[in-house]
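Breakdown of the fold
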Amino acid sequence: MNNMTANPFDMQGKDINWCPGCGNYKLLDAVKDAFYELDLDRRNLVIVSGIGQAAKLPQYVNANMFNGLHGRALPVAMGVKLANRNLVVIAESGDGCMYGEGGNHFLHAVRRNYDITVIVHDNMVYGLTKGQASPTSRMGMETSLQFNGVMLEPFNPVAVSLALNAPFIARASAGDGEKTKAIIKEAISFKGCSIVDIFQPCVIFNKINTYQWFRENTYYLPDDYDPTDRKLAFEKAIETEKLPLGVIYRHEGRELYEDLLCITHIPSYEHEISEKAFEKMLEEYR
Amino acid sequence: MHHYADEISIVFGGAAGQGVQTIADALVKVLKRNGYYVFACTEFMSRIRGGSNSTEVRITGKERKAYVRGIDVLVALNAEAVDHLEERIGEATLVFAEKDHVEGKEIKNFIDTPFAAFAKQAGSPVFSNTVAVGVVLGLLGISLDAFLAYLSVQFASKGEEVVAKNVKAAKLGHDFGTETAARNRIQVTIKPADTSPDELLIDGNTALGIGTVAAGCSFISSYPMSPGTGLLTFLARRADDFDIIVDQAEDEISAINAALGASYAGARAIVSTSGGGFALMEEGISLAGVTEVPVVVHIGQRPGPATGLPTRTEQGDLNLSLYAGHGDFSRVILAPGSFVQAIELVQRAFNLADKYQTTVFVLTDQFFLDSVASVMKSEIVRLPVERHIIRTDRDYKRYRLTKNGLSPRGVPGYGDGIVKTDSHEHDESGHLTENFGVRRKMVHKRLQRLEQLSREALLPERFGPAKAGSLVICWGSNRGVLEEALERLKRKDLAGLHFSQLYPLSPEISGMLDAKNVIVLENNATGQFADLLNRDAGVRVSRKILKATGEPFSVEEVVEALQERQHE
Ligand SMILES: Cc1ncc(C[n+]2csc(CCOP(=O)(O)OP(=O)(O)O)c2C)c(N)n1
Ligand code: SF4
Ligand SMILES: [Mg+2]
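These figures come from a predicted structure and were not determined experimentally.

A word on the overall build of chain A. Across its full length, chain A carries 10 helices and 8 strands. For chain A, whose C-alpha radius of gyration is 20 Å, the value lies close to the compact-globule estimate of 19 Å for 286 residues. Taking the principal axes of its C-alpha atoms as reference, chain A extends roughly 70 × 45 × 40 Å. Taken across its 286 residues, chain A has 58% of its residues classed as buried. Only carbon and sulfur atoms are counted for the fraction: they give 53% of the accessible area of chain A, which is about 11,800 Å². Within chain A, one finds 29 positive and 36 negative side-chain charges whose respective centroids are separated by 2 Å.

Right, let's get into the domain arrangement of chain B. Residue and element names in this part refer to chain B. Domain boundaries assigned for chain B yield domain 1 (2–188), domain 2 (202–379), domain 3 (389–456) and domain 4 (461–567). Between domain 3 and domain 4, the C-alpha centre-to-centre distance is 39 Å. Across the contact, 4 residues belong to domain 3 and 6 residues belong to domain 4. Between domain 3 and domain 4, a total of about 350 Å² is buried, with carbon and sulfur atoms accounting for 66% of that surface. Broken down residue by residue, the surface that domain 3 buries against domain 4 is led by L450, L453 and S454, which jointly contribute 84%. Between domain 3 and domain 4 we count 0 salt bridges in total. For the pair domain 3 and domain 4, the number of links is 0 residue pairs in polar contact (both at pLDDT 80 or more). Within the side of domain 3 that touches domain 4, the residues separate by chemical class into 2 nonpolar, 1 polar and 1 charged.

What follows is about the site of ligand 2. Close to ligand 2 lie W18(A), C19(A), C22(A), Q53(A), N123(A), Q200(A), C202(A), V203(A), I204(A) and F205(A), which account for all nearby residues. Taken together, the residues of the shell around ligand 2 break down into 7 nonpolar, 3 polar and no charged.

Residue and element names in this part refer to chain B. The terminal C-alpha atoms of helix α14 (residues 436–455) lie 30 Å apart, and with 20 residues this matches the ideal 28 Å at 1.5 Å per residue to within 8%. Buried within α14 are the following residues: M442, K445, R446, R449, L450, Q452, L453 and S454. Here the buried face of α14 lies against α10 (275–291), β14 (332–334), α12 (339–356) and β21 (501–503). Taking the backbone nitrogen of G437 as reference, a side-chain oxygen 2.8 Å away marks N435 as the first, capping residue of α14.

This next bit is on the pairing of strand β11 (residues 245–248) of chain B. Residues and elements named next belong to chain B. One ladder, built from 4 bridges, connects strand β10 (residues 219–222) with β11; its direction is parallel. In the strand pairing of β11, S222 is matched with Q248. Regarding the hand of the β-α-β motif, the stretch spanning β10, helix α8 (residues 229–242) and β11 is right-handed.

A few words now on unusual backbone geometry. Residue and element names in this part refer to chain B. Looking along the chain, the bond that leaves G304 and enters P305 is cis, with omega of -5°. With respect to the helices and strands, the residue P305 is situated in the loop between β13 (295–301) and α11 (318–323). In this model, Y503 is joined to P504 through a cis peptide bond whose omega is -10°. As for its position among the elements, P504 is in the loop between β21 and α16 (509–512). Even without being a glycine, K490 presents a positive backbone phi close to 50°. Note that K490 resides in the loop between α15 (479–489) and β20 (494–499).

A few words on the site of ligand 1. All names here are of chain A. Around ligand 1 there are 16 residues in total, and Q53, D95, G96, C97 and G127 lie nearest to it. For ligand 1, an oxygen atom lies 2.8 Å from a polar atom in the backbone of G127. For ligand 1, an oxygen atom lies 2.9 Å from a polar atom in the backbone of L128. In isolation ligand 1 has 580 Å² of accessible area, and contact with the protein removes 76% of it. With 4 residues, helix α3 (residues 95–101) is the single largest residue contributor to the shell around ligand 1.

Let's shift gears to the coordination of the magnesium ion (ligand 3). All names here are of chain A. Donor atoms from the polypeptide that coordinate the magnesium ion (ligand 3) comprise D95 (OD), N123 (OD1) and V125 (O), at 2.0 to 2.2 Å from the metal. Counting along the primary sequence, the residues that act as donors to the magnesium ion (ligand 3) give the motif D-x27-N-x1-V. Classification of N123 as buried rests on a relative accessible area of 7%.

Below, the discussion takes up the packing of aromatic side chains. This model, assessed by the stated rule, comprises 17 aromatic pairs over all chains. One aromatic cluster in this structure is built from W18(A), Y25(A) and Y60(A). Across the ring face of Y220(A), the terminal group of K179(A) is positioned such that the distance to the ring centre comes to 4.3 Å. Over the ring of F278(A) we find R382(B), and its NZ or CZ is 4.1 Å from the ring centre.

The rules we used
Residues numbered from 1 in each chain as written. Chains lettered and ligands numbered in written order. Predicted model: local features only at pLDDT ≥ 70, side-chain atom pairs only at ≥ 80, totals over all residues. Heavy atoms only, no water. Helix = DSSP H or I, 4+ residues; strand = E, 2+ residues; numbered from the N terminus. Rg over C-alpha atoms; globule rule 2.2 N^0.38 Å. Buried < 20%, exposed > 50% of the residue type's maximum accessible area, 1.4 Å probe, protein only. Areas by Shrake-Rupley, 256 points an atom, 1.4 Å probe, with all protein chains shown as cover. Lys, Arg positive; Asp, Glu negative; His and termini not counted. Charge placed at Lys NZ, Arg CZ, Asp CG, Glu CD. Domains from an automatic or database assignment. Contact = heavy atoms within 4.5 Å. Buried area = accessible area lost by both parts, 1.4 Å probe. Salt bridge = Lys/Arg side-chain N within 4 Å of Asp/Glu carboxyl O. Polar contact = N/O pair within 3.5 Å; in protein donor to acceptor, adjacent residues only side chain to side chain. Nonpolar A, V, L, I, M, F, W, Y, C, P; charged D, E, K, R; others polar. Near = heavy atom within 4 Å. Expected span 1.5 Å × (residues − 1). Pairing = 2+ DSSP bridges. Right-handed = clockwise from strand over helix to strand, strands pointing away. Donors = N, O, S within 2.8 Å, 3.2 Å for Na, K, Ca; no water. Phe/Tyr/Trp six-rings, centres within 6.5 Å; stacked < 30°, edge-to-face > 60°. Lys NZ or Arg CZ within 6 Å of the ring centre and 35° of its normal.

Dropping the structure here:
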């Protein structure tokens, strides 16, 4: 796609901070191509991120951006979405940012279920701070800090999201550009809080979970897999032998937070005070 | 003989859950309907049942907004109330209580009041609160009309029988109060102010809430913490009427970040919390600083450190708001001294936040938020809502360098441009940069507005004699108590100065602090504002009157503190 026509989401002449060979490049392409193919209007697209290598992604996309603090992409994304629900909002960050520093926000974003797409670059390591363990690091991985190997069981974002009844849960692998793009497109089109955990090789600090490792240790869910079956999804979520890729769970039943709050489509920059209601309110204190 | 010509203080004491607050609420409303100036303040323990709480209701010939220590009339609903308030019971205090509640206690003016027996006579022990209000109204020589009207509205949903029983309870109490007044030659001749056509009765939370609604606020995300919760609750109740998005956050970190996200997208956003909750928001204040996203932060102060005294009052979070967030950037700190002022200041806070793309703090405290007072509707000021949001064009740059450091503010989805905002140091387009030259310009850009803000700063208000050798400075909620104390003292050499803007200070204030003696009155342990005055205006403070027990200053206490000096 990229090679045929200019993608309006491309940023011209931007010096990209990632290492050569990093999985983030492929992910960036997949994301931009998904935006393009969905025909999104870049003026109405907001990408919110936290801090980390992954979180730099919106710096390289020609669209609105709120590059906030480490761990805090989701509260910001919620604020944006509630203040103007006409915007398409993407929250994008690393595994440390979303599941570690921002873990509480992750739980409650899923609980609230506002219409955003959460894209997590899961490289199973802290890239930007030079290679410490992340919540998703595999046990035994030796790092500059966990020099005897990671002792704790990894955080399972798919199982946790399922427990919270997230309406859309998918897993992708950055090495497979086309398939990743398709999953991202489906996630953005879905109305609700869509969680997409994307395996992303960090070629510098994670010498275990490499492109090859992800190829060998993942498989795509078959075409006849029923993503609406929550129990089945749970079975998939806790598989460890080989990790499933694709849309693991999806159901349409949950109401949006913005609907529960009765938020209108009038953006809040057009907010007006009802003078009648104001007068009525004052009279209540007679 | 007890004669109250100018004012009277009535205190209700009892356990949490006994209805002290219900009684006070009813009485205050009835008094207001009779045209009196009333002021009420409450102190309570951090528990839902039991303990010892009290509410003071003052009826005054002049508008008053302060707590007095002395009790003229105490209505004690249990024995503990008498112990709890012992220090405030004086020779002249009339104590209305059941006989067995004062057993073994020496009380000069005890009036054996059969609350329970009257309530039973009216139909059930639950009516003893109604009896209590009746007693007080009888004592004051105020007719039952307004109270009966109040009861019929209050209990309408519970049926005629309940209303009738309440009416009976009120009458029994009222007769008793009237007889007691006659028998003990108690005379209350305070004149009603007759302001009722214009008078509203509100508490501090409501004042803040009215201001927030009047400012066109459209978003609040907050996490409950006393005494900051009141504003969140107020806005939740008004959310539908005013299209306000109300989110109960999972924590304060989320609250401030959500507010910044909403503000970035064009909402007028506020967070409300207490010092402990605000401590978690600090990184968000830094984020607001670097991103130049406007936000208003309300801190309802209570004593720290940490959990401190959850339901008590203090002015201990000035330094917290002054220094919150790493790095250097601008901010504004406001602290209203009255409800009318609070309504205006909150609107001003939002306008300043939008105009200067900065964080504006509004500092209140438990005493202020839980107090109830009359407000004249005609005195409520409405400020125009000034958003300073532009429609972006294709070449829009969020951080365009301008002469005054303020870049036109665009929001996503409004115009043809894109809006990039960044917590990293960034260039004009909002992209991260490590260019030192850009960094230098951006640091300057973010601080430059402080000078304009100080030129626009609210000046402190002076009261008392025009020329005085000593000047007593207070801020925020201490205005009422200082004003009243100075009036009592009637000294020509003593004037007061109230600051409602604490930071930045106007360059003009050095000239206003010409007195030989500068005394600062603050509800904290170290004199945080005195330090700020010294730091930013070079003011040499000769004396600090401080209190950090968790209670507000009483008028008597301030009078005594200022008298002390005279004797030296
Ligand atoms: C409050 C805070 N704590 C710590 C950091 C330092 N820090 C920056 S990124 C990061 C972890 C990054 O890991 P991840 O989110 O997985 O992103 P990656 O770099 O791997 O893409 C940390 C600890 C910070 N910026 N802010
Ligand atoms: S450190 Fe790892 S995640 Fe970061 S850019 Fe380099 S390869 Fe990518
Ligand atoms: Mg990572």
